[in-house]
Amino acid sequence: MSLALFYLAAAVAVGATVLALTRANAAHALIYLIVSLLGVAVLFFLLGAPFAAALEVVAYAGAIMVLFVFVIMMLNLGEESQREERALLNFRHWRLPGLLTALLLAELVYVMGNSVSPIPSDAVLPKQVALTLFGPYVLGVELASMLLLAGLVGAYHLGQHFLARDRGYNN
Amino acid sequence: MDTMLIPLEHVLVVASILFALGLFGLMFRRNIIFMLMSLEVMLNAAALAFIAAGAHWQQADGQVMFVFILAIAAAEVSVGLGLVLQMRRQMQTLDMNTAIRLKG
Amino acid sequence: MNLLLSLIPALPLASAALLLLYGRHLTRSLVTTLGVGSIGSAAIVVVLLATQWTATAEPLRVQLWQWFSVGSFSVDIALYLDQLSLIWLCTITGIGFLIHLYSSEYMAHDSDYSRYFAYLNLFVASMLLLVLGDSLLLLFLGWEGVGLCSYLLIGFWHQESANGAAARKAFIVTRAGDAAMALGLFLLVAEFNTLNIQELLAAAALQWERGGTMATLACALIFTGAVGKSAQLPLQTWLPDAMAGPTPVSALIHAATMVTAGIYLLARLNGLYTMAPNVLFAIAIIGVATSLMAACAALAQTDIKRILAYSTISQLGYMFLALGVQAWDAGILHMMTHAFFKALLFLAAGAVIECLHHEQDIRNMGGLRKRLPVPFWSFVIGSAALAALPATAGFASKDLILLRAWEVAGDGTWLWGVAALGAFITALYSFKLVFVVFFGEAKTEATHQPGWRMAVPLIVLCLFSIVGGYIALPLADVLPLPSHEPAHGTIAVISAAIPIVGVFVAYLLFLGRQVSVEALTHSPAGLWLSGFWHGGWGMDRFYALLVVMPYTRVARWLRNEPIDYLVAMITGTAVFFNGVFGASQNGRLGRYVTVMVLGLLLMFLVLVMGVAA
C-alpha cells in the first residue's frame, strides 16, 4: 500500500517539477513547484519522517515559496515577459543540457540502483530529532542561526533601495 | 504497518531524477527567477536523499540535516531574491545573459 | 729633494683643482696668477731640483703611498727621476710656462677664462705624472689624463658643434690605441706580475728571448698606444681636426708635450723594445711612412694651423724613425728641438690669426712682414729650424736622425731616401708658408700688434730654436746609445744640402714666381693629387666607410630596441594566451553551470568505472 502511494507521490513530484521548469509564466511555474514540494512532503511522511514532512510543508512550501511568489508579484512580470520566455524556450537549447542531464542521471542510477535494501517503516519521531538536533548538532544550530542572520541583513540591504526609492519601475 | 517496504534505492533514484531535473533547469533557463527555482528543486532533492538515508538507518540525523538544508535554502533564497530585485532595477531585465560584466 | 720632486706635479694639480672649483668667483688677474704662476713655480722647482740632483746623478725614487695591492701584485704611487724624465720635465714646464703666459693675452677676451686655465693646468699636471711615473700604471693614469684634457681643450668652444665633433674624434681615435696599450699592460702583468718600470726592464732582460712572441706581442700592443697618442699611421686622423681648439692649446698639447708621450713611452721601455727587433723595424717603417705622407698632405693644405698639424705628424714620424733604428739620443734630441720650433710656429701662427681677426686661410694673407715683425721673424726662424737648415736646432737633430738611418744594415739606404724626400718636402711647405703669408701683396690688414705677453715667449722660443740643438743631453746612463759617431762624408753633405734645395724650390714657386705653381696644381694630375693630399690621403673617408658607417648603422638598428623585442615576445605570448583562455570566461552563468556539470559527469565516470572494476 505504502509502496503504491510512494510511486504515486514520486510521480506527482517529478511531473510537477517538469512542468514547473518548462512554463513561461513565472507564477504558474511557482504553483507547480509548490505542488512538487507537497509531493515530496508526502514522500517524507511515507519514509517515516513526519517532522520533516511537516517542516517541508510549513517552511519550504509555506515560507520560501511564498517569498518567491511575493517577489514575482512585486516585479510585475507581465505579458511581454511571458512572450520573451516563450521565445527562449526553444528545443535547440535543450540538446546539450538534456544530454548532460541524461548522462548524469544514467550514472547516478547505475551507481545506486543495483541492490534492493528495504527501509524499515518505523517512524523517527520529532522528539528524537529534537534531542539529536540540540545534542550533538547544537553547533550546527548556532551556525545556521548566524547564517540566517546574515541572510536577513543581506536581504534587507539589497531590497531597501528598491522599496524606498524606485516606485516608478516598469516592465 | 505494511509488508511492502519502500526500497532505499528507489527513493534515491527518485531523488536523482529530481536533482537531474533541477540541474537541467539551471542549465536551460535564462531567467534568473527560474534559475533560483531550479536551485530549490536541487536542494529539495538532496533533502530527500538525506531523509531516506536517515530512515534507512533509523537515526534522526537525516532529519537534522534536512533542518539545516532548510535554513540554508531560506537564507539563500532571501539574498538571491534581493539580488533579483537589484538586477531588475539596474539592468531593467532578468535575463542572465545581460549580467556578463565579469567576463574575460 | 723628495719634497721638490713631489711639488712638481702637485703645484699644477692644486691650481687646477682650485680653478675648477672656484674659478668663476675669482678675478681675472687672480686666475692668471694661479694659472700661469703654478706652471712658473713648477719650472723654478724643476731648475732647483736639477741643480741639486745632477750632483749625485743617481736615479731618485720618491714613494708617496701605495696605490693598491691585490694578492702578489701591488702598485705604488711613486715618482721616479732620472735624466730621461728630467729632459721631459724641463721641456714641459719651460715651454708650458711660456705658453701659459702667451695664453693669458690670447684668451684675454674669452668669457671662459678660468675654465681654460683649469684644464690647461690639469693637462700639465697629468703630463708631469706621466713622465714621472714609476710604474706603467701611473704612466697610464697620466696618459688617460692628458687624453681627457686634450678632449676638453679641443672642444673648448663647445658652442660650435664642429668643435665637439673634433674633440670626440680625437678622443675616440686615441682610445683605440689606448685599448691596445691596456692589453699590452695586461700581458706584462701576466708575464712579470709587476708594472714597476725598472723591475720590468730587469726582468725582461733575464726572462725574454730576443724576438720571441711574448716580447713582440707586448711591445707591439704598447706601440699601438703610442701610435694613437702620437698620431702616426693609421691613427693620425685626429690631429688635423684637433686644430679646432685654441692655438696655445695646439701649441702645448699637439706640438710640444702630449704627442711626445709616445716617444717617452718607447724611450722609457727601451729595455723591452731591444728584445723585439721586429717591432723596432715596424716602428721605423711606420715612422718614415708617416713622415712622408704627412709632409705631402701639409703641402696641399690652406689653413695655417692644419699645415702645422700635418707638419707635427711628419716630425713625429722622424722621431719614431730614430727610435726604430735605435738612435735613442737622436729621437729625444729631435723631440726637444721640435718642441721649441713647433711651439714657436704655433704661437706665431696664433699671433697672426689673432691680429688678423681670426683669419686662418693663408690664401687670404700676404705681405705681413712689415706689419707684424715679431711673428714674421718667429716664422722665419721656426721654419728654418723645421726645414733643418744648418745653424738651427732642427739641423742638429734631424741630420742626426738621417745619418743614423743611413747606417742601418740592409734597409738603411731606402729609409734614408724616404726620410730625405720627406725633408725636402718639409722645407718646401714650411717656406711656402712663410712666402705666402708674409710676402706678396697684403690681402687682409693686421689690426694690432701682439702684446708683450705674446711677444716675449716668441722671442725666447726663437732663441732656443737656434741654439737648442747644441744642448748636450746626458742620456748615456739611461739609454743604450750607439757607440760610434754618425757617418761623415758625402752622405752628410747631401743630407745637409737637401733642405737648402727645398727652400730654393719654394722660392722659385712661391716668391719669385719663376716657375708657375698654377701650371702644376691645375693640371689634371695636379688637381687630383692636391685634392687627395688635402683630404689627408683619403683616410677620413676610409675610416668613415670602415668604422663609422657600420657603427651608425648598427646603432640605428639597435635604436628600435630589437633585444627588447625578445622580451616583448614573451609578454606578447602571455597576453595572447590570456586572450585565448579569457574567452572561456564569457560571464554567462548558464555556461559555467554546464561546464561544472560536465566536470561532475567525468568525475562520476571515473568513480563508476572504479566501482565496476
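Values in this document were obtained by computation on a predicted structure and should not be read as measured data. (Residues numbered from 1 in each chain as written. Chains lettered and ligands numbered in written order. Predicted model: local features only at pLDDT ≥ 70, side-chain atom pairs only at ≥ 80, totals over all residues. Heavy atoms only, no water.)

Q: Break down the overall build of chain A for me, citing the residues and quoting the values.
A: Of the regular secondary structure elements, chain A holds seven helices and zero strands. Counting from the amino terminus, chain A carries its helices and strands in the arrangement α-α-α-α-α-α-α. The buried share of chain A, taken over its 171 residues, is 36%. Long-range pairs, those at least 24 residues apart, make up 62% of the contacts in chain A with a sequence separation of at least 6. Accessible surface computed for chain A: about 9,600 Å², of which carbon and sulfur atoms make up 71%. (Helix = DSSP H or I, 4+ residues; strand = E, 2+ residues; numbered from the N terminus. Buried < 20%, exposed > 50% of the residue type's maximum accessible area, 1.4 Å probe, protein only. Contact = heavy atoms within 4.5 Å. Areas by Shrake-Rupley, 256 points an atom, 1.4 Å probe, with all protein chains shown as cover.)

Q: Provide a residue-level description of the nonpolar core, including the pertinent values.
A: One finds C:Leu136, C:Leu188, C:Tyr273 and C:Phe379 to be the most contacted residues of the largest nonpolar core, which totals 206 residues. In terms of residues, this core owes the most to one element, helix 15 (residues 328-355) of chain C, which gives 20 residues. For C:Phe379, the residues in contact, after removing those within four places along its chain, are C:Ile304, C:Leu345, C:Ala348, C:Ala349, C:Val352, C:Leu433, C:Val434 and C:Phe438. One finds A:Ala10, A:Met65, A:Ile119 and B:Leu81 within the second-largest nonpolar core, a separate group that totals 84 residues. (Core = buried A, V, L, I, M, F, W, Y, C linked by side-chain atoms within 4.5 Å.)

Q: Summarise the confidence of the model for chain A; cite the residues concerned and give the values.
A: Predicted confidence across chain A gives a mean pLDDT of 85, with 92% of residues reaching 70 or more. Ranking the elements of chain A by mean pLDDT puts helix 4 (residues 79-88) of chain A last, at 72, and helix 2 (residues 26-46) of chain A first, at 93. (pLDDT = per-residue confidence, 0-100.)

Q: Run through helix 2 of chain A, naming residues and quoting values.
A: Between its terminal C-alpha atoms helix 2 of chain A stretches 30 Å, which fits the 30 Å expected from 21 residues at 1.5 Å a residue. Between the side-chain oxygen of the N-cap and the backbone nitrogen of A:Ala27 there are 3.1 Å, and the N-cap of helix 2 of chain A in question is A:Asn25. (Expected span 1.5 Å × (residues − 1). Polar contact = N/O pair within 3.5 Å; in protein donor to acceptor, adjacent residues only side chain to side chain.)

Q: Lay out the interface of chain C and chain B in plain terms, naming residues and giving numbers.
A: At the junction of the two partners, chain C supplies ten residues and chain B supplies ten residues. Here chain C packs against chain B, burying approximately 910 Å² in sum over the two surfaces, 70% of which is carbon and sulfur. Of all residues in chain C, the largest losses of buried area upon contact with chain B belong to C:Arg588, C:Leu589 and C:Val593, amounting jointly to 40% of the total for that side. Linking chain C with chain B are zero salt bridges, by the criterion used here. Applying the counting criterion to the chain C and chain B interface returns zero residue pairs in polar contact (both at pLDDT 80 or more). Counting residues per element, the side of chain C that touches chain B draws most heavily on helix 25 (residues 589-612) of chain C, which supplies five residues. (Buried area = accessible area lost by both parts, 1.4 Å probe. Salt bridge = Lys/Arg side-chain N within 4 Å of Asp/Glu carboxyl O.)

Q: Give a detailed account of the pattern of salt bridges, specifying residues and quantitative values.
A: Where charged atoms of side chains with opposite charge meet at close range, the side chains can pair. Residues and elements named next belong to chain C. Overall, the coordinates contain eleven salt bridges over all chains when judged by the stated rule. We note a salt bridge from Asp 76 to Arg 61, for which the minimum N-O separation is 3.5 Å. On the criterion of sequence distance, the pair formed by Asp 76 in strand 2 (residues 73-81) and Arg 61 in strand 1 (residues 60-70) is long-range, its members being 15 residues apart. Residue Asp 76 is classed as buried on the basis of its relative accessible area, which comes to 17%.

Q: Run through the interface of chain A and chain B, naming residues and quoting values.
A: Taken residue by residue, the interface counts 87 residues in chain A and 70 residues in chain B. For the pairing of chain A and chain B, the buried interface totals around 7,200 Å² over both sides, and the portion due to carbon and sulfur atoms is 77%. Inspection of the region where chain A meets chain B yields zero salt bridges. Where chain A meets chain B, there are nine residue pairs in polar contact (both at pLDDT 80 or more).

Q: Just give me the short version of a nonpolar patch on the surface, but keep the residues and values in it.
A: Residues and elements named next belong to chain C. The grouping of Val 554, Trp 557, Leu 558, Ile 563, Tyr 565, Leu 566, Val 567 and Met 569 at the surface amounts to a nonpolar patch, some 850 Å² of accessible area in total. At the level of elements, helix 23 (539-559) and helix 24 (562-582) are the ones that each hand at least two residues to the nonpolar patch. At five residues, helix 24 tops the list of elements feeding residues into the nonpolar patch. Looking at the element boundaries, Tyr 565 is found in helix 24. Judged by its relative accessible area of 54%, Tyr 565 is exposed. (Patch = residues over 30% accessible without salt bridge, like charges linked within 9 Å, V, L, I, M, F, W, Y side chains within 5 Å.)

Q: Pulling in residues and values, what's your account of the environment of C:Ile304?
A: Residue and element names in this part refer to chain C. Structurally, Ile 304 can be placed in helix 14 (residues 304-324). Sequence separation of Ile 304 and Ile 353 is 49 residues, and the distance between their C-alpha atoms is 8.8 Å. With residues up to four places along the chain from it excluded, the contact list for Ile 304 reads Ala 349, Ile 353, Gln 360, Ile 362, Met 365, Phe 379 and Leu 433.

Q: Quick one: what's the story with the environment of A:Leu88, residue by residue and with numbers?
A: Secondary-structure assignment places A:Leu88 in helix 4. Overall, A:Leu88 belongs to the partly exposed group, its relative accessible area being 23%. The spatial distance from the C-alpha of A:Leu88 to the C-alpha of A:Ala24 is 9.0 Å, given a sequence separation of 64 residues. Apart from the residues within four sequence positions on either side, A:Leu88 is in contact with A:His93 and B:Arg30.

Q: Describe the packing of helix 3 (residues 50-75) of chain A against helix 3 (residues 61-91) of chain B, naming the residues involved and giving the relevant values.
A: One way to put it is that helix 3 of chain A packs onto helix 3 of chain B with a least axis distance of 11 Å and a crossing angle of 0 degrees. Relative to helix 3 of chain B, helix 3 of chain A is oriented roughly parallel. Seen from helix 3 of chain A, the contacting residues are A:Phe51, A:Ala52, A:Leu55, A:Glu56, A:Ala59, A:Tyr60, A:Ile64, A:Leu67, A:Phe68, A:Val71, A:Met74 and A:Leu75; seen from helix 3 of chain B, they are B:Gln63, B:Phe66, B:Val67, B:Leu70, B:Ala73, B:Ala74, B:Val77, B:Ser78, B:Leu81, B:Val84, B:Leu85 and B:Arg88. A per-class count over the contact of helix 3 of chain A with helix 3 of chain B returns 20 nonpolar, two polar and two charged. (Axes fitted to C-alpha atoms, helices over the stretch in contact; angles between N-to-C directions. Parallel < 35°, antiparallel > 145°, perpendicular 65-115°, else oblique. Nonpolar A, V, L, I, M, F, W, Y, C, P; charged D, E, K, R; others polar.)

Q: How would you explain the confidence of the model for chain B if you had to name every residue and give the values?
A: All names here are of chain B. On average, chain B scores 88 in pLDDT, and the residues at 70 or more come to 95%. Element-level mean pLDDT values for chain B span from 91 in helix 1 (residues 8-28) up to 93 in helix 2 (residues 32-57). The complex prediction reports pTM at 0.70, with the ipTM value standing at 0.89.

Q: Describe the side chain of C:Ser230, naming the residues involved and giving the relevant values.
A: All names here are of chain C. Locating Ser 230 in the fold gives a position in the loop between helix 8 (213-229) and helix 9 (238-241). A distance of 3.4 Å separates a polar atom in the side chain of Ser 230 from the backbone nitrogen of Gly 262. Apart from residues lying up to four places away in sequence, Ser 230 is in contact with Val 259, Gly 262, Ile 263, Leu 316 and Phe 320.

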